[in-house]
Amino acid sequence: MAAAGIVVFNISPLLNWVNPDEGADPRTGYETDSLVPFIAYLGIGLLVALFYARKRARRGQHRGLTLVSMAVGIAAAIQCLAFGLNPMGGLERGDNLAADLGVWVGFIGAALWAIGSFLLAKEIEGDDDERDEAHRTR
C-alpha cells in the first residue's frame, strides 16, 4: 500500500496543482513549488530503502525506516491538504490561485503512503523485543 501511495504521489507533480483566477495558465506541481517533486523523489528513495531492508534486515523490516516513511507520508499529506485549502506560490505574482486536481491526487497518494507505512510498522517483524509468545525462543 505504501508503494502504491508513493507511485500515485509521484504522478501528482505532473498534474496541474494551481489555477489562476483567469484559468489561462494552470501550473503543474513542478512549476508551483520545488518541495512537491522533492517529496515525491524522497518517497522513491524511501521505497527503494524499504525494499532493500526487506531483503537485508533481520526479520524483513527495519522499524526505524518504516517509521520515517510514515512520517514523510504524513508530512506530504498535510502539505497537500494545506495547499488544497490555501494554494501557495501566487503571492509574488499577485495571482489569486485555486487548487487543482494534482493537489488532491497528491493527497490521496500521500495518505495511502502514510497508511501503508503505518500498517508495515505495526507488524512484529520490525521489533527487536519480541512481544508475541509465538515468536519467543527460550
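Look up a bit, the structure's there.
Residues numbered from 1 in each chain as written. Predicted model: local features only at pLDDT ≥ 70, side-chain atom pairs only at ≥ 80, totals over all residues. Heavy atoms only, no water.

Can you explain the packing of aromatic side chains? Please cite residues and give values.
Enumeration according to the criterion identifies two aromatic pairs in this entry. Both rings, one in tryptophan 17 and one in phenylalanine 83, keep their centres 5.2 Å apart while their planes meet at 85°; by these two values the pair is edge-to-face. Of this pair, tryptophan 17 sits in strand β1 (residues 16-20) while phenylalanine 83 sits in helix α4 (residues 63-85), placing them 66 residues apart in sequence. No difference in accessibility class separates tryptophan 17 from phenylalanine 83, as the two residues are buried. (Phe/Tyr/Trp six-rings, centres within 6.5 Å; stacked < 30°, edge-to-face > 60°. Helix = DSSP H or I, 4+ residues; strand = E, 2+ residues; numbered from the N terminus. Buried < 20%, exposed > 50% of the residue type's maximum accessible area, 1.4 Å probe, protein only.)

Explain the nonpolar core to me, using residue names and the numbers behind them.
Among the nonpolar cores identified, the biggest contains 21 residues, and Phe9, Trp17, Ala76 and Trp113 are the most heavily contacted of them. Of all the elements in the fold, those that place two or more residues in this core are α1 (2-11), β1, α3 (35-56), α4 and α5 (101-121). Ignoring anything within four residues of it in the chain, the contact list for phenylalanine 9 reads Val36, Ile39, Ala40, Ala76, Cys80, Gly106, Gly109, Ala110 and Trp113. (Core = buried A, V, L, I, M, F, W, Y, C linked by side-chain atoms within 4.5 Å. Contact = heavy atoms within 4.5 Å.)

Provide a residue-level description of the sheet that holds β1, including the pertinent values.
With respect to topology, three strands assemble into an open sheet ordered β2-β1-β3, the strand pairing being antiparallel. Pairing within the sheet leaves two strands with one partner each, and these edge strands are β2 (27-28) and β3 (97-99). Sheet topology places β1 next to β2; two bridges connect them, and they run antiparallel. Across the sheet, asparagine 16 pairs through a bridge with threonine 28, a residue of β2. Packing of α5 onto the sheet brings it into contact with β1 and β3, and relative to β1 it is tilted by some 150°. (Pairing = 2+ DSSP bridges. Axes fitted to C-alpha atoms, helices over the stretch in contact; angles between N-to-C directions.)

Describe α5, and please don't skip the residues or the numbers.
For α5, built from 21 residues, the straight-helix expectation of 30 Å at 1.5 Å per residue is met to within 8% by its first-to-last C-alpha distance of 30 Å. Buried residues along α5 sit in contact with α1, β1, α3, α4 and β3. (Expected span 1.5 Å × (residues − 1).)

Break down the packing of α3 against α4 for me, with residues and values.
Running from amino to carboxyl end, α3 crosses α4 at an angle of 160°, the nearest separation of the two axes being 10 Å. Between α3 and α4, the interaxial angle falls into the category roughly antiparallel. Crossing of α3 against α4: the hand is left-handed. On α4, the residues that touch Leu35, Val36, Ile39, Leu42, Leu46, Ala49, Leu50 and Ala53 of α3 are Leu65, Thr66, Val68, Ser69, Val72, Ala76 and Gln79. Split by residue class, the contact of α3 with α4 holds twelve nonpolar, three polar and no charged. (Parallel < 35°, antiparallel > 145°, perpendicular 65-115°, else oblique. Left-handed = near helix turned anticlockwise from the far one by under 90°. Nonpolar A, V, L, I, M, F, W, Y, C, P; charged D, E, K, R; others polar.)

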